[in-house]
Amino acid sequence: MVYHWDSTLETGYEKVDNQHKQLIAALNALIEASHSGKSDSAVMETMDFLTGYTIKHFADEEKLQVQYNYPDYLNHKRIHDNFKVTVKGFIERVKKEGPNQIIMAEVTESLGSWLINHIKGDDFRMAAFIKSAGA
């Protein structure tokens, strides 16, 4: 399954939306790498990029939340931290078992559904608060 950016994912906060677009592009690159028969190292490089960009994005979002005194900051950060643990577990599993089709389908489906749900829920609420705060 490939993920597509569309207006239903727009938070209305440009920096956040641009990073979300990059995350979806990186997720699609991982799907492509794992389905196209690329080497295990190429799949892992793509997975590492997606992980690194996710960590950067979370840090940027959290900085924004602190800047605007977002009241749900601690919960949002906890959600991010829990997801980082999940991703770390996926990486360890893929390194141990190899990026076979079954594992990569599970990884990309899990990452994709989490991302879409997080954007449409937690990130929409955060962006609405920040926009109402005058950003």
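Residues numbered from 1 in each chain as written. Predicted model: local features only at pLDDT ≥ 70, side-chain atom pairs only at ≥ 80, totals over all residues. Heavy atoms only, no water.

Points about the overall build of the chain
Then comes step 1: Looking only at helices and strands, the chain features 4 helices and 0 strands.
Then comes step 2: Over its C-alpha trace the chain gives a radius of gyration of 15 Å, about what one expects of a compact globule, namely 14 Å for 135 residues.
Then comes step 3: The principal-axis extent of the C-alpha atoms belonging to the chain is close to 50 × 25 × 20 Å.
Then comes step 4: In the chain, which comprises 135 residues, the share counted as buried stands at 44%.
Then comes step 5: If you sum the accessible surface of the chain, you get close to 7,200 Å²; carbon and sulfur atoms cover 55% of it.
Then comes step 6: The average position of the 15 basic charges and that of the 19 acidic charges among the side chains of the chain differ by 4 Å. (Helix = DSSP H or I, 4+ residues; strand = E, 2+ residues; numbered from the N terminus. Rg over C-alpha atoms; globule rule 2.2 N^0.38 Å. Buried < 20%, exposed > 50% of the residue type's maximum accessible area, 1.4 Å probe, protein only. Areas by Shrake-Rupley, 256 points an atom, 1.4 Å probe, with all protein chains shown as cover. Lys, Arg positive; Asp, Glu negative; His and termini not counted. Charge placed at Lys NZ, Arg CZ, Asp CG, Glu CD.)

Comments concerning the side chain of Thr108
Then comes step 1: Mapped onto the secondary structure, Thr108 falls in helix α4 (residues 101-132).
Then comes step 2: Separated by 3.4 Å, the side chain of Thr108 and the backbone oxygen of Ala105 make a polar contact.
Then comes step 3: Other than its neighbours up to four places away in sequence, Thr108 contacts Tyr3, Leu27, Leu30 and Ile31. (Polar contact = N/O pair within 3.5 Å; in protein donor to acceptor, adjacent residues only side chain to side chain. Contact = heavy atoms within 4.5 Å.)

Considerations on the packing of aromatic side chains
Then comes step 1: One pass over the full model with this rule turns up 5 aromatic pairs.
Then comes step 2: Residues Phe49 and Tyr53 carry aromatic rings whose centres are separated by 6.0 Å and whose planes lie at 25° to one another, so their mutual orientation is stacked. Of this pair, Phe49 and Tyr53 both sit in helix α2 (residues 40-67), 4 residues apart, which is roughly one turn of the helix.
Then comes step 3: Residue Phe49 is classed as partly exposed on the basis of its relative accessible area, which comes to 49%.
Then comes step 4: Within the aromatic cluster, the residues linked to one another by ring pairs are Phe58, Phe83 and Trp114. (Phe/Tyr/Trp six-rings, centres within 6.5 Å; stacked < 30°, edge-to-face > 60°.)

What about unusual backbone geometry?
Then comes step 1: Here the phi dihedral of Asn69 falls at roughly 55°; this positive angle occurs in a residue that is not glycine.
Then comes step 2: Take Asn69: it is sitting in the loop between α2 and α3 (73-97).

Regarding the pattern of salt bridges
Then comes step 1: The full count for this structure, using the stated rule, is 6 salt bridges.
Then comes step 2: Measuring nitrogen to oxygen at the nearest pair gives 3.2 Å for the salt bridge that ties Asp81 to Lys77. Taken together, the positions of Asp81 and Lys77, both in helix α3 and 4 residues apart, correspond to about one turn of that helix.
Then comes step 3: Within the structure, one salt-bridge network assembled from shared partners comprises Lys77, Asp81 and Lys84. (Salt bridge = Lys/Arg side-chain N within 4 Å of Asp/Glu carboxyl O.)

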